[in-house]
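# Understanding the architecture of this molecule
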Amino acid sequence: MLVYEDYLCEGEEVASDSYPPQEHDDKDIVLAIQGKMIAKGGETFDTGANASAEEAGEDLADEIEQVCNVVDTHQLHKMEFEKKEYKALQKVYWKKLIARFQEEKDAEALATLKKNFKRYQEWVKEEVLGNFDEFDFYVSEKAVLEDGCLIIPARWVGSATAPLFYFIKSGLKEHKF
């Protein structure tokens, strides 16, 4: 199994290949994963013990909650941004990502990023900023926005029951398990 981490937030998993990627026009620069709503909670555990005849048994009602599998599994946090703030955070992110690649002397990652940088910028401008009000934004659990972190746009497409998450491929670090 492949697990994807935010390249700038060491150890912060944001996705995995257990969710099949969705086909789209920019699949070589952006990984798109369709979320799915799942039921969480409501488990009952029979321990085999009999309730006492003298004491009323405890009724433990676990509530069932509907959650998005991608958000729940990777403990992503929803963030609210104004368009201007999002743009400023993207500038910080790209600068930090380029600096990290240079620091780690990751020539291949740096070359890929430089090759696709203009396309990334066009995608963000056209897809995200052009439809800003249609997106929700998520970050990893321990992300610090000011330090640069992957901001994951998610959009409800068509009649989908959960959002489609978009991950900038250059911002992901793959780990095999």
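Everything discussed here concerns the structure shown above.
### Observations concerning the overall build of the protein
Assigned secondary structure in the protein consists of three helices and 10 strands. Sequence-ordered secondary structure for the protein, helices as α and strands as β, is β-β-β-β-β-α-β-α-α-β-β-β-β. The buried share of the protein, reckoned over its 177 residues, is 40%. Across the protein, contacts joining residues at least 24 apart in sequence account for 67% of those joining residues at least 6 apart. For the protein, the exposed area adds up to about 11,200 Å²; of that, 48% sits on carbon and sulfur atoms.

### As for the sheet that holds strand β2 (residues 13-16)
Pairing in this open sheet of three strands is antiparallel, and the strands run β2-β1-β10 from one edge to the other. Among the strands making up the open sheet, the edge pair consists of β2 and β10 (172-176). Neighbour to neighbour, the strand axes of the sheet diverge by 30° on average, direction disregarded. Of the pairings in the sheet, the one linking strand β1 (residues 2-6) to β10 comprises five bridges and is antiparallel in character. For Tyr 4, the partnering residue across the bridge sits in β10 and is Glu 174.

### Considering a negative patch on the surface
On the surface, Glu 80, Glu 82, Glu 85, Glu 146 and Asp 147 cluster together into a patch of negative charge. Within the fold, Asp 147 resides in the loop between β7 (135-139) and β8 (152-155). Under the relative-accessibility criterion, Asp 147 is labelled partly exposed at 48%.

### Topic: the nonpolar core
Ranked by size, the top nonpolar core spans 50 residues in total, and within it Tyr 86, Phe 165 and Phe 167 carry the most contacts. Per element, the largest residue contribution to this core is seven residues, and it comes from helix α3 (residues 107-128). Residues contacting Tyr 86, with those up to four places away along its chain left out, are Phe 81, Val 124, Val 128, Leu 129, Phe 132, Phe 137, Ile 151 and Pro 153.

### A short note on the packing of aromatic side chains
Throughout the structure, instances matching the rule amount to 13 aromatic pairs. Summarising the aromatic geometry, the rings of Trp 94 and Phe 117 are spaced 5.4 Å apart at their centres and angled 90° between planes, so their arrangement reads as edge-to-face. Of this pair, Trp 94 sits in helix α2 (residues 83-103) while Phe 117 sits in helix α3, placing them 23 residues apart in sequence. Using a relative accessible area of 4% as the deciding quantity, one classes Trp 94 as buried. Seen in terms of ring centroids, Phe 132 and Phe 137 are 5.1 Å apart; in terms of plane orientation they differ by 35°. Their pairing is tilted. No difference in accessibility class separates Phe 132 from Phe 137, as the two residues are buried. An aromatic cluster of three or more residues is present, and its members are Phe 81, Tyr 86, Trp 123, Phe 132, Phe 135, Phe 137 and Tyr 166.

The rules we used
- Residues numbered from 1 in each chain as written.
- Predicted model: local features only at pLDDT ≥ 70, side-chain atom pairs only at ≥ 80, totals over all residues.
- Heavy atoms only, no water.
- Helix = DSSP H or I, 4+ residues; strand = E, 2+ residues; numbered from the N terminus.
- Buried < 20%, exposed > 50% of the residue type's maximum accessible area, 1.4 Å probe, protein only.
- Contact = heavy atoms within 4.5 Å.
- Areas by Shrake-Rupley, 256 points an atom, 1.4 Å probe, with all protein chains shown as cover.
- Pairing = 2+ DSSP bridges.
- Axes fitted to C-alpha atoms, helices over the stretch in contact; angles between N-to-C directions.
- Patch = residues over 30% accessible without salt bridge, like charges linked within 9 Å, V, L, I, M, F, W, Y side chains within 5 Å.
- Salt bridge = Lys/Arg side-chain N within 4 Å of Asp/Glu carboxyl O.
- Lys, Arg positive; Asp, Glu negative; His and termini not counted.
- Charge placed at Lys NZ, Arg CZ, Asp CG, Glu CD.
- Core = buried A, V, L, I, M, F, W, Y, C linked by side-chain atoms within 4.5 Å.
- Phe/Tyr/Trp six-rings, centres within 6.5 Å; stacked < 30°, edge-to-face > 60°.

Geometry only, nothing functional implied.
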